[in-house]
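Structure at a glance
Each chain, letter by letter, is given below.
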Amino acid sequence: MRKLLLCLLLTVAGCHQAAVKQGYIRETAVHPFPEASEVWLLVGEPEYTLRDGVPIHPGKPGRLLTPEQRRQFEALLKVLTPVDLSPQESREFGAMAACFIPHHFFQYFDAKGHQIGEIAVCFCCGGIEMTPDRLNLKDDRVFSVNYAKLEPLVQSWGERTNIDCD
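In every chain, residue numbers begin from 1 and rise along the written sequence. Totals for whole chains, interfaces and linings use all residues, but because this is a predicted model, local features are given only for residues with pLDDT of at least 70 and pairs of side-chain atoms are given and counted only at 80 or more. No hydrogens and no water enter the side-chain calculation; it runs on all heavy atoms of the structure.

1. Description of the packing of aromatic side chains
Between 30 and 60 degrees the pair is tilted, below 30 it is stacked and above 60 it is edge-to-face, where a pair is any two Phe, Tyr or Trp rings, Trp via its six-membered ring, whose centres lie within 6.5 Å. For the coordinates displayed, the defined rule picks out 3 aromatic pairs. Between the aromatic rings of Phe33 and Tyr108, the centroid separation amounts to 4.8 Å while the plane-to-plane angle is 40°, which identifies the pairing as tilted. A residue pair is termed long-range when its members are at least 10 positions apart, and Phe33 in the loop between strand 1 (24-29) and strand 2 (38-43) and Tyr108 in strand 7 (residues 104-109) qualify at 75 residues. Residue Tyr108 is classed as buried on the basis of its relative accessible area, which comes to 0%. An angle of 85° between the planes, with centres 5.7 Å apart, marks the rings of Phe123 and Tyr147 as edge-to-face. Of the two residues, Phe123 is situated in the loop between strand 8 (115-122) and strand 9 (127-131) and Tyr147 in helix 4 (residues 147-156); the sequence distance between them amounts to 24 residues. Across the pair, exposure class does not vary: Phe123 and Tyr147 are buried alike. A run of H or I in DSSP becomes a helix once it reaches four residues, and a run of E becomes a strand once it reaches two; helices and strands are each numbered from the N terminus. Only protein chains enter the accessibility calculation, which uses a 1.4 Å probe; a residue whose area is less than 20% of its type maximum is buried, one above 50% is exposed, and one in between is partly exposed.

2. What about helix 2 (residues 67-74)?
Among all positions of helix 2, only Gln69, Arg70, Phe73 and Glu74 are buried. All buried residues of helix 2 lie within an arc of 125° about the axis, which places them on one face of the element. Note on contacts: a residue pair is in contact if any heavy atoms of the two residues lie within 4.5 Å. Residues of helix 2 that are buried in the fold lie against strand 2, strand 5 (63-64), strand 6 (77-83), strand 7, strand 8 and helix 4. Comment: arc refers to directions from the helix axis out to C-beta atoms.

3. Notes on the pattern of salt bridges
Take a side-chain nitrogen of Lys or Arg and a carboxyl oxygen of Asp or Glu: if they are within 4 Å of each other, that pair is a salt bridge. Applying the stated rule across the entire model yields 3 salt bridges. Between Glu68 and Arg71 there is a salt bridge; the shortest N-O distance is 2.6 Å. A residue pair is termed a helical-turn pair when its members lie 3 or 4 positions apart in one helix, as Glu68 and Arg71 do in helix 2 at 3 residues. Exposure remark for Glu68: the relative accessible area of 40% places this residue in the partly exposed category. The residue Arg70 makes a salt bridge to Glu74 at a minimum N-O spacing of 3.1 Å. Separated by 4 residues within a single helix, Arg70 and Glu74 lie in helix 2, roughly one turn from each other. Per residue, the accessibility class of Arg70 equals that of Glu74, and both read buried.

4. Observations concerning the nonpolar core
Of all hydrophobic cores here, the largest spans 25 residues; its most connected members are Leu77, Phe106, Tyr108, Ile119 and Leu150. Per element, the largest residue contribution to this core is 4 residues, and it comes from helix 4. Residues grouped as a nonpolar core are buried Ala, Val, Leu, Ile, Met, Phe, Trp, Tyr and Cys residues, joined through side-chain atoms within 4.5 Å.

Right, dumping it as structure tokens:
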């Protein structure tokens, strides 16, 4: 009986060690433009110019997000950090499709009406990009968004998410 208990105890301890060694992705919430007084959502293919690395769109096209809509959107923004991933998981981590062609632009404006940044989202390939890059992430970290929650959120605002997704 003691041998059986000892074997069971060692088996449980072995499983616990295996669980500790397994890698995971740590998520950290981010708010890249906290000084912005307004956030607008532009859907489509906009015309723009660059000024100091920031895409500047003529006027403020699109939908002005309410404070609650902004909170809901920004609650989905994350920085992902790999922790002890296997070599295979490490190769797959942070991979983004080469076809990144965003059609959703969350534009941030300061109190004077100047655009200070933008977060571009592509629902087709699952890509996201921030300009200017306020996070200055190391190579092993990735800016991301929870697409499973963002897509129905944007749709609840009456906007399409499958634009030119073939």
